[in-house]
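An overview of the molecular structure
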Amino acid sequence: MTRPAATPAISAAAGPAVGSPAATIALTALAPISWGSTYAVTTEFLPADRPLFTGLMRALPAGLVLLALARRLPTGVWWWKAAVLGALNIGAFFPLLFLSAYRLPGGMAAVVGSVGPLFVAGLAATLLSERPTLRTLLTGIAAALGVSLVVLQAAGALDPVGLLAALASTASMSTGTVLTKRWGRPEGVGPLALTGWQLTAGGLLIAPVALFVEGAPPALDGRAVGGYLYLALANTAVAYWLWFRGIGRLTATQVTFLGPLSPLTAAVIGWAALGQSLGPVQLAGMALAFGATVFGQLGPRTRASHPPRLTPPSATRVPGARRSGDEAIASRRPA
C-alpha cells in the first residue's frame, strides 16, 4: 500500500531540492566563475593575437557537441529566434568583447561589462514588465564600483573604438539575456538543445569574420589543443548550458547580477596562479562586488515564479486577442 504523505517528509529531511532557488542560483553562478578563467587560459595556453579564432573554437565545437547530445533542431519561428539569440549572446558578444579587451587599458573592458545589470534592468522593464527598483539600481552601481576597484588600472587613454566595442558587447549580452527570458523555449525542448542552437549559430557567424580578419587557423601544439578543449567543453558548453538554464528559472536581474563573479574569479586566479598582487583596494572592491552579487539574489520574485491563476470561464478570451487597459489592470489585482 502506498503512502503519499511519505514523499514530502523524505524530501524535507534530505535538504534543499536540486531545483530549489538556492541550488539554481549556485549552479548558474558556476557559469561566470568558469568564464573568469578565460583570461588565464588564453594568455598561458593559446596562440597570441587570435581572438576571433579563439571565439570560434569556443562556440562552434561546443554547439555541435550539444546538438549531438540533444538531437533536436529548431522548428518554425525558432530558426530565426535561435539565430538572433546566437548572434546576441555569442556571435556578436565574443568578437566585441575581445576587441574591447585588446584596445582598452587594463581592466576597463571588465568595468564596462560590470554595468550589465543596469542594462538588463532597463530592458527587463520594457520587455518583461519587471520594474527596476531603487534597490536594484543601487546594487548595480555598487557591483560596478566593486569591479572597478578590483580590475581598473590607471594606464593609457581611453580608445573610442574599444569603449564602443565594450558598450556594444555589454548591450548585446544583456539584450540576449532578456530575450532568452522573454521567449523561453519551445514546448518539449530543454536548455541543452537551446544552448546548442545558440552556440552553433554564433559560431557560424564568427567563422567567416575570423577567416577574413585573421586568415588561416594557426598551428596548434599540445598546450593549445588542451586549452581549446577546456574552453569549448567546460568554459562554454557546460557554462552556457548552466547560464541559459538559470535564465529559464530565475529573473533576468538575478541572473545578470551573477556576472561580476567573472572578473572576481579572474582576479583570484591571477593572484593564485599568475603571481599578480591584490592590495587593500582590490580586496575591498572584491568584498563590495561580491556583496552586491549576493544582495542581487535577494530581490522580490516576479509573478512568473508563482503558480498561474485559473481564468474563470466567463473571462475566457480569444487566444492572441489584446486586452483593454481595464482588463489588464483587473488581472493584476489580488484575488
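Report on the accompanying structure. (Residues numbered from 1 in each chain as written. Predicted model: local features only at pLDDT ≥ 70, side-chain atom pairs only at ≥ 80, totals over all residues. Heavy atoms only, no water.)

Quick look at a nonpolar patch on the surface
Taken together, Val 65, Leu 69, Leu 220, Val 225, Leu 229 and Leu 233 make up a surface patch of nonpolar side chains, about 500 Å² in accessible area. Secondary-structure elements contributing two or more residues to the nonpolar patch are helix H4 (51–70) and helix H12 (222–249). Among the elements that take part in the nonpolar patch, H12 stands out by supplying 3 residues, more than any other. Tracing the backbone shows Leu 220 in the loop between helix H11 (191–214) and H12. (Patch = residues over 30% accessible without salt bridge, like charges linked within 9 Å, V, L, I, M, F, W, Y side chains within 5 Å. Areas by Shrake-Rupley, 256 points an atom, 1.4 Å probe, with all protein chains shown as cover. Salt bridge = Lys/Arg side-chain N within 4 Å of Asp/Glu carboxyl O. Helix = DSSP H or I, 4+ residues; strand = E, 2+ residues; numbered from the N terminus.)

Examining the nonpolar core
Core analysis: the biggest nonpolar cluster contains 27 residues, and Trp 35, Phe 94, Tyr 240 and Trp 243 have the highest contact counts within it. Residue assignment for this core shows that the elements contributing at least two residues are helix H2 (21–35), H4, helix H6 (93–103), H11 and H12. Among residues more than four places away in sequence, those in contact with Trp 243 are Thr 28, Ala 31, Pro 32, Trp 35, Met 173, Thr 177, Val 255, Thr 256 and Leu 258. If you look at the next biggest cluster of nonpolar residues, it comprises 13 residues, including Val 111, Val 112, Ala 166 and Ala 267. (Core = buried A, V, L, I, M, F, W, Y, C linked by side-chain atoms within 4.5 Å. Buried < 20%, exposed > 50% of the residue type's maximum accessible area, 1.4 Å probe, protein only. Contact = heavy atoms within 4.5 Å.)

A look at the packing of H2 against helix H14 (residues 261–273)
Remark: H2 packs on H14, axes separated minimally by 7 Å, with the N-to-C direction vectors making an angle of 50 degrees. Here H2 lies oblique to H14, going by the angle between them. Taken as a pair, H2 and H14 cross one another with a handedness that is right-handed. Here Ala 29, Pro 32, Ile 33 and Trp 35 of H2 come into contact with H14, specifically with Leu 261, Ser 262 and Thr 265. Tallied by class, the residues present in the contact of H2 with H14 amount to 5 nonpolar, 2 polar and no charged. (Axes fitted to C-alpha atoms, helices over the stretch in contact; angles between N-to-C directions. Parallel < 35°, antiparallel > 145°, perpendicular 65-115°, else oblique. Left-handed = near helix turned anticlockwise from the far one by under 90°. Nonpolar A, V, L, I, M, F, W, Y, C, P; charged D, E, K, R; others polar.)

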